[in-house]
Amino acid sequence: MTYSIEAKELRIGKGVRIGEGVNISCSGGTAEKIVIGDGVYLGHHIEVDCPIVEIGDYTMIREYTQILGNKKCEIGSCCWIGQYCIINSTANLRIGNGVGIGAHSQLWTHIRFGDTLQGCKWDDDKEMLIEDDVWFVGHCLVSPIHAKRKSMAMLGSVITKDMEENHIYAGVPAIDVTEKLGTQYEDVSVDQKYTIMNKKLEEFYKINPQYSRSITVVKKWTKKQDPNVTYFNVSDRTYVKRLTEEEIEFMKFLLMKIKFYPKSFIIT
(Lines give C-alpha, C1' and ligand atoms only; values in the text may rest on other atoms or scores of the structure.)
Protein backbone atom coordinates (compact mmCIF):
# COMPACT_ATOMS: atom_id res chain seq x y z
CA MET A 1 0.00 0.00 0.00
CA THR A 2 1.25 3.49 -0.83
CA TYR A 3 -0.14 6.28 1.32
CA SER A 4 1.24 9.27 3.19
CA ILE A 5 0.42 10.51 6.71
CA GLU A 6 2.41 13.41 8.19
CA ALA A 7 1.58 14.49 11.74
CA LYS A 8 3.45 15.61 14.87
CA GLU A 9 1.09 13.44 16.92
CA LEU A 10 -0.19 10.34 15.20
CA ARG A 11 -2.36 7.54 16.62
CA ILE A 12 -3.59 4.69 14.46
CA GLY A 13 -5.79 2.03 16.05
CA LYS A 14 -6.06 -1.70 15.57
CA GLY A 15 -7.58 -3.20 12.42
CA VAL A 16 -7.29 0.01 10.38
CA ARG A 17 -7.37 -0.31 6.57
CA ILE A 18 -5.90 2.48 4.43
CA GLY A 19 -6.20 2.48 0.65
CA GLU A 20 -3.82 3.47 -2.14
CA GLY A 21 -3.05 7.13 -2.63
CA VAL A 22 -4.39 8.36 0.72
CA ASN A 23 -2.69 11.62 1.68
CA ILE A 24 -3.10 13.12 5.17
CA SER A 25 -1.20 16.33 5.98
CA CYS A 26 -1.78 20.03 6.61
CA SER A 27 -1.41 22.61 3.82
CA GLY A 28 1.27 20.49 2.21
CA GLY A 29 3.15 20.08 5.50
CA THR A 30 2.76 18.28 8.81
CA ALA A 31 -0.56 18.17 10.69
CA GLU A 32 -0.63 18.84 14.43
CA LYS A 33 -2.64 15.77 15.39
CA ILE A 34 -4.14 12.84 13.52
CA VAL A 35 -6.15 10.17 15.37
CA ILE A 36 -7.54 7.19 13.46
CA GLY A 37 -9.64 4.88 15.63
CA ASP A 38 -9.87 1.09 15.66
CA GLY A 39 -11.40 -0.63 12.64
CA VAL A 40 -11.44 2.52 10.49
CA TYR A 41 -11.54 2.14 6.71
CA LEU A 42 -10.07 4.85 4.47
CA GLY A 43 -10.70 4.17 0.78
CA HIS A 44 -8.38 4.89 -2.12
CA HIS A 45 -7.26 8.44 -3.00
CA ILE A 46 -8.69 10.26 0.02
CA GLU A 47 -7.18 13.67 0.70
CA VAL A 48 -7.11 15.11 4.23
CA ASP A 49 -5.64 18.60 4.72
CA CYS A 50 -6.39 19.80 8.28
CA PRO A 51 -4.32 20.67 11.36
CA ILE A 52 -6.29 18.32 13.64
CA VAL A 53 -8.35 15.35 12.51
CA GLU A 54 -9.92 12.75 14.80
CA ILE A 55 -11.77 9.78 13.29
CA GLY A 56 -13.68 7.44 15.62
CA ASP A 57 -13.79 3.64 15.62
CA TYR A 58 -15.20 1.74 12.62
CA THR A 59 -15.90 4.84 10.57
CA MET A 60 -15.73 4.27 6.81
CA ILE A 61 -14.61 7.04 4.46
CA ARG A 62 -14.96 6.02 0.84
CA GLU A 63 -12.89 6.77 -2.24
CA TYR A 64 -11.95 10.24 -3.51
CA THR A 65 -13.38 12.10 -0.52
CA GLN A 66 -11.69 15.37 0.50
CA ILE A 67 -11.54 16.66 4.09
CA LEU A 68 -10.12 20.17 3.96
CA GLY A 69 -9.82 23.19 6.28
CA ASN A 70 -7.69 25.03 8.80
CA LYS A 71 -9.65 24.14 11.95
CA LYS A 72 -10.35 20.90 13.81
CA CYS A 73 -12.40 18.20 12.11
CA GLU A 74 -13.86 15.60 14.48
CA ILE A 75 -15.69 12.58 13.07
CA GLY A 76 -17.34 10.12 15.46
CA SER A 77 -17.52 6.33 15.43
CA CYS A 78 -19.45 4.10 13.01
CA CYS A 79 -19.91 6.89 10.49
CA TRP A 80 -20.20 6.42 6.73
CA ILE A 81 -18.87 9.04 4.32
CA GLY A 82 -19.52 8.08 0.71
CA GLN A 83 -17.47 8.52 -2.43
CA TYR A 84 -16.52 11.96 -3.73
CA CYS A 85 -17.69 13.89 -0.65
CA ILE A 86 -16.24 17.26 0.40
CA ILE A 87 -16.01 17.84 4.15
CA ASN A 88 -14.89 21.38 4.97
CA SER A 89 -13.53 22.60 8.32
CA THR A 90 -12.62 26.23 7.69
CA ALA A 91 -14.46 26.60 11.02
CA ASN A 92 -14.66 23.79 13.56
CA LEU A 93 -16.63 20.77 12.40
CA ARG A 94 -17.93 18.08 14.74
CA ILE A 95 -19.67 15.01 13.37
CA GLY A 96 -21.17 12.68 15.99
CA ASN A 97 -21.53 8.91 16.06
CA GLY A 98 -23.39 6.89 13.45
CA VAL A 99 -23.67 9.74 10.95
CA GLY A 100 -24.27 8.90 7.30
CA ILE A 101 -23.06 11.27 4.58
CA GLY A 102 -24.03 9.88 1.19
CA ALA A 103 -21.90 9.98 -1.96
CA HIS A 104 -21.20 13.35 -3.61
CA SER A 105 -22.42 15.32 -0.58
CA GLN A 106 -20.70 18.51 0.59
CA LEU A 107 -20.53 20.01 4.09
CA TRP A 108 -19.30 23.61 4.21
CA THR A 109 -18.38 25.75 7.23
CA HIS A 110 -17.73 28.95 5.32
CA ILE A 111 -18.91 31.19 2.51
CA ARG A 112 -16.16 33.17 0.79
CA PHE A 113 -15.29 34.56 -2.62
CA GLY A 114 -16.61 38.07 -3.26
CA ASP A 115 -14.27 41.08 -3.07
CA THR A 116 -14.69 42.50 0.45
CA LEU A 117 -12.79 45.67 -0.48
CA GLN A 118 -15.55 46.37 -2.98
CA GLY A 119 -18.20 45.85 -0.31
CA CYS A 120 -19.13 42.17 -0.64
CA LYS A 121 -21.06 41.20 2.50
CA TRP A 122 -20.91 37.41 1.98
CA ASP A 123 -17.81 36.41 3.91
CA ASP A 124 -18.23 34.26 7.01
CA ASP A 125 -17.10 31.18 8.93
CA LYS A 126 -19.43 29.26 11.22
CA GLU A 127 -19.00 26.11 13.31
CA MET A 128 -21.02 23.09 12.20
CA LEU A 129 -22.39 20.45 14.57
CA ILE A 130 -23.85 17.19 13.29
CA GLU A 131 -25.26 15.13 16.17
CA ASP A 132 -25.53 11.33 16.44
CA ASP A 133 -27.49 9.29 13.87
CA VAL A 134 -27.98 12.12 11.38
CA TRP A 135 -28.26 10.95 7.78
CA PHE A 136 -27.62 12.98 4.63
CA VAL A 137 -28.84 10.45 2.07
CA GLY A 138 -26.65 11.57 -0.84
CA HIS A 139 -25.84 14.51 -3.16
CA CYS A 140 -26.69 16.85 -0.27
CA LEU A 141 -25.28 20.38 0.06
CA VAL A 142 -25.08 21.46 3.69
CA SER A 143 -24.45 24.96 5.07
CA PRO A 144 -22.92 25.45 8.54
CA ILE A 145 -25.95 24.29 10.51
CA HIS A 146 -26.78 22.38 13.69
CA ALA A 147 -28.31 19.04 12.73
CA LYS A 148 -29.88 17.48 15.80
CA ARG A 149 -29.76 13.75 16.51
CA LYS A 150 -31.63 11.36 14.20
CA SER A 151 -32.52 14.08 11.70
CA MET A 152 -32.39 13.19 8.02
CA ALA A 153 -32.04 14.96 4.65
CA MET A 154 -33.33 13.22 1.54
CA LEU A 155 -31.42 12.79 -1.73
CA GLY A 156 -30.29 16.06 -3.33
CA SER A 157 -31.36 18.31 -0.47
CA VAL A 158 -29.83 21.75 0.04
CA ILE A 159 -29.72 22.35 3.79
CA THR A 160 -29.55 25.99 4.87
CA LYS A 161 -31.28 25.85 8.28
CA ASP A 162 -30.92 23.81 11.48
CA MET A 163 -32.49 20.34 11.48
CA GLU A 164 -34.72 19.31 14.39
CA GLU A 165 -34.40 15.97 16.19
CA ASN A 166 -35.80 12.99 14.25
CA HIS A 167 -37.26 15.22 11.54
CA ILE A 168 -36.89 14.62 7.80
CA TYR A 169 -36.06 17.33 5.26
CA ALA A 170 -36.14 17.46 1.46
CA GLY A 171 -35.91 19.92 -1.41
CA VAL A 172 -34.02 22.99 -2.63
CA PRO A 173 -33.87 24.68 -0.23
CA ALA A 174 -34.84 21.83 2.07
CA ILE A 175 -38.08 22.04 4.05
CA ASP A 176 -39.43 19.87 6.85
CA VAL A 177 -41.41 16.96 5.35
CA THR A 178 -41.80 14.93 8.55
CA GLU A 179 -45.58 15.31 8.54
CA LYS A 180 -45.66 13.69 5.09
CA LEU A 181 -42.92 11.04 5.43
CA GLY A 182 -42.86 10.37 9.17
CA THR A 183 -39.71 10.23 11.27
CA GLN A 184 -36.45 8.45 10.50
CA TYR A 185 -36.56 6.44 13.76
CA GLU A 186 -39.36 4.66 15.61
CA ASP A 187 -39.34 3.26 19.15
CA VAL A 188 -37.98 -0.27 19.61
CA SER A 189 -38.26 -2.07 22.95
CA VAL A 190 -35.25 -3.52 24.76
CA ASP A 191 -36.75 -6.99 24.35
CA GLN A 192 -37.05 -6.51 20.60
CA LYS A 193 -33.46 -5.29 20.37
CA TYR A 194 -32.29 -8.26 22.43
CA THR A 195 -34.02 -10.72 20.09
CA ILE A 196 -32.69 -9.03 16.95
CA MET A 197 -29.12 -8.89 18.26
CA ASN A 198 -29.08 -12.55 19.26
CA LYS A 199 -30.28 -13.49 15.78
CA LYS A 200 -27.49 -11.39 14.27
CA LEU A 201 -24.97 -13.03 16.60
CA GLU A 202 -26.09 -16.51 15.57
CA GLU A 203 -25.89 -15.48 11.93
CA PHE A 204 -22.33 -14.25 12.50
CA TYR A 205 -21.25 -17.51 14.15
CA LYS A 206 -22.84 -19.56 11.40
CA ILE A 207 -20.69 -17.69 8.86
CA ASN A 208 -17.64 -17.76 11.16
CA PRO A 209 -17.58 -21.13 12.99
CA GLN A 210 -13.88 -20.72 13.76
CA TYR A 211 -14.57 -18.31 16.60
CA SER A 212 -14.95 -19.33 20.25
CA ARG A 213 -18.31 -17.60 20.89
CA SER A 214 -16.84 -15.05 23.29
CA ILE A 215 -19.53 -12.44 22.54
CA THR A 216 -22.65 -12.13 24.68
CA VAL A 217 -25.72 -9.92 24.28
CA VAL A 218 -27.21 -8.48 27.49
CA LYS A 219 -30.09 -6.24 28.50
CA LYS A 220 -28.31 -4.55 31.41
CA TRP A 221 -24.89 -4.23 32.96
CA THR A 222 -23.89 -6.35 35.94
CA LYS A 223 -20.93 -5.94 38.25
CA LYS A 224 -19.65 -9.43 37.55
CA GLN A 225 -18.24 -9.84 34.05
CA ASP A 226 -16.03 -12.44 32.41
CA PRO A 227 -12.84 -10.61 31.27
CA ASN A 228 -12.68 -12.88 28.22
CA VAL A 229 -16.15 -11.96 26.97
CA THR A 230 -17.21 -8.96 24.90
CA TYR A 231 -20.64 -7.84 26.11
CA PHE A 232 -23.08 -5.91 23.93
CA ASN A 233 -25.76 -4.09 25.93
CA VAL A 234 -28.89 -3.39 23.88
CA SER A 235 -30.42 -1.10 26.50
CA ASP A 236 -27.80 1.64 26.17
CA ARG A 237 -26.12 0.74 22.84
CA THR A 238 -22.67 0.20 24.37
CA TYR A 239 -20.21 -2.68 24.46
CA VAL A 240 -17.13 -3.74 26.40
CA LYS A 241 -14.23 -3.03 24.09
CA ARG A 242 -11.59 -5.77 24.29
CA LEU A 243 -10.32 -5.57 20.68
CA THR A 244 -10.22 -9.30 20.08
CA GLU A 245 -10.26 -10.43 16.46
CA GLU A 246 -13.71 -11.92 17.01
CA GLU A 247 -15.07 -8.66 18.39
CA ILE A 248 -13.60 -6.58 15.56
CA GLU A 249 -15.06 -8.88 12.92
CA PHE A 250 -18.46 -8.86 14.63
CA MET A 251 -18.49 -5.06 14.68
CA LYS A 252 -17.70 -5.03 10.96
CA PHE A 253 -20.44 -7.62 10.41
CA LEU A 254 -23.01 -5.40 12.14
CA LEU A 255 -22.12 -2.25 10.25
CA MET A 256 -23.55 -0.13 8.82
CA LYS A 257 -27.05 -1.19 9.86
CA ILE A 258 -26.33 -1.73 13.56
CA LYS A 259 -23.97 0.44 15.59
CA PHE A 260 -22.56 0.11 19.11
CA TYR A 261 -20.10 2.30 21.01
CA PRO A 262 -17.51 1.56 23.70
CA LYS A 263 -19.04 2.02 27.14
CA SER A 264 -16.44 4.53 28.36
CA PHE A 265 -16.36 6.63 25.19
CA ILE A 266 -19.91 7.06 23.95
CA ILE A 267 -20.68 10.52 22.47
CA THR A 268 -23.97 12.08 23.52
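Now for a description of the structure that goes with this document. A quick note: this is a predicted structure, and the numbers were derived from the prediction, not measured. (Residues numbered from 1 in each chain as written. Predicted model: local features only at pLDDT ≥ 70, side-chain atom pairs only at ≥ 80, totals over all residues. Heavy atoms only, no water.)

**Side note on the overall build of the chain**
Okay, step 1: Broken down by element type, the chain carries three helices and 30 strands.
Okay, step 2: Contacts in the chain between residues at least 24 apart in sequence constitute 29% of all its contacts with a sequence separation of at least 6.
Okay, step 3: Within the structure as shown, the chain displays about 14,000 Å² of accessible surface, and the carbon and sulfur contribution to it stands at 52%.
Okay, step 4: Looking at charge distribution, the chain has the averaged site of its 33 positive side-chain charges lying 6 Å from that of its 35 negative ones. (Helix = DSSP H or I, 4+ residues; strand = E, 2+ residues; numbered from the N terminus. Contact = heavy atoms within 4.5 Å. Areas by Shrake-Rupley, 256 points an atom, 1.4 Å probe, with all protein chains shown as cover. Lys, Arg positive; Asp, Glu negative; His and termini not counted. Charge placed at Lys NZ, Arg CZ, Asp CG, Glu CD.)

**Details of the layout of surface pockets**
Think of a ball as big as a water molecule: rolled over the atoms, this probe shows where empty space is left.
Okay, step 1: Computed from the structure, the largest pocket encloses a volume of approximately 1,200 Å³.
Okay, step 2: For the largest pocket, the lining is made up of 37 residues, of which Asp133, Lys150, Tyr185, Arg237 and Lys259 are closest to its centre.
Okay, step 3: Here the lining of the largest pocket is built from residues that sort into 18 nonpolar, six polar and 13 charged. (1 Å grid on protein atoms, 1.4 Å probe; cavity = no way out; pocket = protein on both sides within 12 Å on 5 of 7 lines; lining within 4 Å. Points joined across faces, edges and corners; volume = space filled by probe spheres on them. Nonpolar A, V, L, I, M, F, W, Y, C, P; charged D, E, K, R; others polar.)

**Section: the pattern of salt bridges**
Okay, step 1: Under the definition given, this model contains 17 salt bridges.
Okay, step 2: We note a salt bridge from Glu54 to Lys72, for which the minimum N-O separation is 3.7 Å. Here the residue Glu54 occupies a position in strand E8 (residues 52-55), and Lys72 occupies one in the loop between strand E10 (66-68) and strand E11 (73-75), the gap between them amounting to 18 residues.
Okay, step 3: The residue Lys219 makes a salt bridge to Asp191 at a minimum N-O spacing of 2.8 Å. Of this pair, Lys219 sits in the loop between strand E27 (215-218) and strand E28 (230-233) while Asp191 sits in helix H2 (residues 190-207), and the two are 28 residues apart along the sequence.
Okay, step 4: Residue classification places Asp191 among the partly exposed residues on the basis of a relative accessible area of 46%.
Okay, step 5: Here the salt bridges share partners, and the residues they tie into one network are Lys33, Glu54 and Lys72. (Salt bridge = Lys/Arg side-chain N within 4 Å of Asp/Glu carboxyl O. Buried < 20%, exposed > 50% of the residue type's maximum accessible area, 1.4 Å probe, protein only.)

**Points about the packing of H2 against helix H3 (residues 245-254)**
The angle between the axes and the distance between the axes are what describe a pair of packed helices.
Okay, step 1: Taken N-terminus to C-terminus, the directions of H2 and H3 make an angle of 115°; their axes are 11 Å apart at the nearest point. Helix-helix and strand crossings are classified by hand; for H2 and H3 the assignment is right-handed. Within the contact between the two elements, H2 uses Met197, Lys200, Leu201, Glu203, Phe204, Tyr205 and Ile207 and H3 uses Glu246, Glu249, Phe250, Phe253 and Leu254.
Okay, step 2: In the contact of H2 with H3, the residues fall into eight nonpolar, no polar and four charged. (Axes fitted to C-alpha atoms, helices over the stretch in contact; angles between N-to-C directions. Left-handed = near helix turned anticlockwise from the far one by under 90°.)

**Quick word on the pairing of E28**
Okay, step 1: Burial of E28 is two-sided: the residues Thr230 and Phe232 facing one way and the residues Tyr231 and Asn233 facing the other way are all buried.
Okay, step 2: Two strands pair when backbone bridges link them, and E27 and E28 are joined in this way by four bridges, in the parallel orientation. Counted as the bridge partner of Thr216 is Tyr231 from E28.
Okay, step 3: As defined by bridge partners, E28 adjoins strand E29 (residues 238-239) across two bridges and the pair is classed as antiparallel. In the sheet register, Asn233 faces E29, and the bridge partner there is Thr238. (Pairing = 2+ DSSP bridges.)

**Let's talk about the sheet that holds strand E7 (residues 47-49)**
What links the strands of a sheet is backbone hydrogen bonding, and the strands pair in either a parallel or an antiparallel sense.
Okay, step 1: Across the sheet, eight strands lie side by side as E1-E4-E7-E10-E13-E16-E21-E24; this open sheet has parallel pairing. Since the sheet does not close on itself, it has two edges, and those belong to strand E1 (4-5) and strand E24 (158-159), each with one partner.
Okay, step 2: Of the strand pairs in this sheet, E10 and strand E13 (residues 86-88) are connected by three bridges, and their pairing is parallel. Looking at the pairing, Ile67 lines up with Ile87 of E13.

**A closer look at the nonpolar core**
Okay, step 1: In terms of nonpolar packing, the biggest core is built from 41 residues, with Ile87, Ile95 and Phe136 touching the most fellow members.
Okay, step 2: Broken down by secondary-structure element, the contributors of at least two residues to this core are strand E5 (31-36), E8, E11, strand E14 (93-95) and strand E19 (128-130).
Okay, step 3: Top element by residues in this core is E5. It accounts for three residues.
Okay, step 4: By size, the runner-up hydrophobic cluster in this structure holds 22 residues, among which are Leu201, Phe232, Val234 and Phe250. (Core = buried A, V, L, I, M, F, W, Y, C linked by side-chain atoms within 4.5 Å.)

**Comments concerning the environment of Val240**
Okay, step 1: With respect to the helices, strands and loops of the structure, Val240 is situated in the loop between E29 and H3.
Okay, step 2: Separated by 23 residues in the primary sequence, Val240 and Val217 place their C-alpha atoms 11 Å from one another.
Okay, step 3: Beyond its immediate stretch of four places on either side in the chain, Val240 contacts Trp221, Gln225, Thr230, Tyr231 and Glu247.

**A short note on the side chain of Asn166**
Okay, step 1: Here Asn166 is to be found in the loop between E24 and strand E25 (168-171).
Okay, step 2: At 3.3 Å, the side chain of Asn166 and the backbone nitrogen of Gln184 are in polar contact.
Okay, step 3: Those residues within four positions of Asn166 in sequence are excluded, and the remaining contacts are Arg149, Lys150, Ser151, Thr178, Thr183, Gln184 and Tyr185. (Polar contact = N/O pair within 3.5 Å; in protein donor to acceptor, adjacent residues only side chain to side chain.)

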